Amino acid sequence: MTDVDDIRIAFDEGSLTTLRIVLGLILLGVALDTRVSDFARAVRRPWAILVVVVAQFLLLPGITFLLTLALDLRGSLALGLILVACCPPGNVSNILTHRAGGDVALSVSMTAVGNVLAIVLMPLNMAFWGSLHPTGSALLQEISLSPASMLGEVLVVIGIPFVVGIAVAHRFPGVAAKARRVVGPVAVLGLGAIIVVGVANNWAIFTAYIGLVVVAVLVHDALALLLGYAIGRAARLPSASVKACTFEVGIRNAGLGLLLVFSFFDGLGGMALVAAWWGIWDMVAGLLVATLWRRRSKGAPSSPAAAESAGPVGSVGADG
């Protein structure tokens, strides 16, 4: 069997453009659920926001790097996990927080801040941790990854839809409320269709190599969720806020990672498999954790903030 580092997965330019549009819709959905007041709320709760920012952009990539060494992963698989760890969350984290009875208002604020910071921190994190990896660094040198170019791509996919969405939500809240009911489902269906078509076109590669990533993704996803939970508990946040932290750190926008794999890493097989499977398993694990929390609390919100914020988060989005 060919080394997974030598596999390249086909993804034509038309599909890549479609993926960019779908991810833009996902981030637009996040922004339509965001208000300028969410950033003001974040300023009023700096400790909780700081805790999650540190976990997302410092601890999770670092722990992921150590995990790739402990599992002795091939370069492309290691880079795939690192890339996903560097991705921001999406509004699925808000939905899961609501389902678990957590602090949805805090979750929305964290998602907004996280996506803004990711525009700059994601490319820098990927370049830093990837260059440190003993086998992944060689692949990065072959590809000649440019953090500046990745910054431009992330800015287009995250920054522009985010600014447009917040502007619409602020200026035309009624339009935003109606739009987010459409944008979320369309984005979910579009991303699902892209993944299905991509897997179908590369079925032989998918079946031959997916076994290599299942265990790594399962462990990595569990560590991400546990890190969010542990950092919230260590910071002595209320129970509802701990739930928000868990999903803000544990849920990653793997769809964005998939786009970057094809845009900057020539469809590197191991990276694409990790990003695709992470996006699927992440949803399964997140729903499982949220459902267990919901049953434990018998469906009652853990805080007034969670109940108060249930309305705006009712739209559907996707992390991918």
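Just above sits the structure.
Numbering of residues starts from 1 in each chain and follows the order in which that chain's sequence is written. In keeping with the predicted nature of the model, local features appear solely for residues at pLDDT of at least 70, side-chain atom pairs appear and are counted solely at 80 or more, and the whole-chain, interface and lining totals rest on all residues. To obtain the side-chain values, all non-hydrogen atoms of the structure were used and water was disregarded.

Engineer: Pulling in residues and values, what's your account of a nonpolar patch on the surface?
Structural biologist: Like-charged residues within 9 Å of one another, or nonpolar side chains (Val, Leu, Ile, Met, Phe, Trp, Tyr) within 5 Å, are grouped into patches, provided each residue has over 30% relative accessible area and no salt bridge. Exposure was quantified through the Shrake-Rupley algorithm and a 1.4 Å probe, taking into account, for residues, occlusion by the shown protein chains and nothing else. Salt bridges, as used here, are contacts in which a Lys or Arg side-chain nitrogen is within 4 Å of a carboxyl oxygen on Asp or Glu. A cluster of nonpolar side chains, Trp47, Leu50, Val54 and Leu58, forms an exposed patch at the surface whose accessible area comes to about 390 Å². By the criteria applied, helices consist of DSSP H or I runs no shorter than four residues and strands consist of E runs no shorter than two, each listed in order from the N terminus. Its place among the elements puts Trp47 in helix H3 (residues 46-70).

Engineer: Lay out the packing of H3 against helix H6 (residues 104-132) in plain terms, naming residues and giving numbers.
Structural biologist: Look at H3 against H6: their axes get within 9 Å of each other, and the N-to-C directions meet at 30°. Classed by the angle they form, the pair H3 and H6 counts as roughly parallel. Once H3 is placed against H6, the crossing between them reads as right-handed. Contacts between H3 and H6 involve Ala48, Ile49, Val52, Val53, Gln56, Phe57, Leu58, Pro61, Gly62 and Phe65 from the first element and Leu106, Ser109, Met110, Val113, Gly114, Leu117, Ala118, Leu121, Asn125, Trp129 and Leu132 from the second. For helices, the fitted line uses only the C-alpha atoms of the stretch in contact; every axis is such a line through C-alpha atoms, and the angle between N-to-C directions lies from 0 to 180 degrees. Roughly parallel means an angle under 35 degrees; roughly antiparallel, over 145; roughly perpendicular, 65 to 115; everything else is oblique. Note on convention: the crossing is left-handed when the near helix lies turned anticlockwise from the far helix by less than a right angle, right-handed when the turn is clockwise. Residue contacts are counted whenever heavy atoms from the two residues lie within 4.5 Å of one another.

Engineer: So what about the nonpolar core? Which residues, and what values?
Structural biologist: One broad trend across soluble globular proteins is that nonpolar side chains are buried collectively. Ranked by internal contacts, the top residues of the largest apolar core, which has 88 residues, are Met122, Met126 and Phe265. Each nonpolar core is a collection of buried residues, namely Ala, Val, Leu, Ile, Met, Phe, Trp, Tyr and Cys, held together in the definition by side-chain atoms within 4.5 Å. When accessible area is computed with a 1.4 Å probe and restricted to protein chains, residues below 20% of their type maximum are described as buried, those above 50% as exposed, and intermediate ones as partly exposed. In this structure, Ala100, Leu225, Phe247 and Trp293 belong to the second largest nonpolar core, which totals nine residues.

Engineer: I'd like a description of the packing of aromatic side chains, backed by residues and values.
Structural biologist: The pairing test for Phe, Tyr and Trp rings, Trp by its six-membered ring, is centres within 6.5 Å, and the orientation test on the planes gives stacked under 30 degrees, edge-to-face over 60, and tilted for anything in between. On inspection of all chains with the given rule, the structure shows four aromatic pairs. Aromatic pair Phe65 and Trp129: ring centres 5.5 Å apart, planes at 45°, arrangement tilted. Taken as a pair, Phe65 in helix H3 and Trp129 in helix H6 lie far apart in primary sequence, 64 residues in all. Given the relative accessible area of 11%, Phe65 is considered buried. Here a set of aromatic residues connected by ring pairs shows up, and it is made of Phe65, Phe128 and Trp129.

Engineer: Residues and numbers for unusual backbone geometry, please.
Structural biologist: Its identity as a non-glycine residue notwithstanding, Asp72 has a phi of 50°, on the positive side. Unlike most non-glycine residues, Asp266 shows phi in positive territory, near 55°. By the element assignment, Asp266 lies in the loop between helix H12 (254-264) and helix H13 (269-296).

Engineer: Outline H3, supporting the account with residue identities and numerical values.
Structural biologist: Taking 1.5 Å per residue, 25 residues should reach 36 Å; H3 reaches 34 Å between its end C-alpha atoms and fits that length. At Ala55, H3 is bent by approximately 40°, the largest bend along its length. An expected span of 1.5 Å times one less than the residue number is assigned to each helix. Fitting one axis to the seven residues ending at a residue and another to the seven starting there, the bend at that residue is the angle between the two axes.

Engineer: Go over the pattern of salt bridges with me, naming the residues and quoting the values.
Structural biologist: Counted under the stated rule, the structure contains two salt bridges. Here Asp103 makes a salt bridge to Arg45, at a shortest N to O gap of 3.0 Å. With a gap of 58 residues between them, Asp103 in the loop between helix H5 (92-100) and H6 and Arg45 in the loop between helix H2 (36-44) and H3 connect regions that are remote in the sequence. A relative accessible area of 4% places Asp103 in the buried class. The class for Arg45 is partly exposed, based on a relative accessible area of 29%.

On their own, these measurements won't tell you what the molecule is for.
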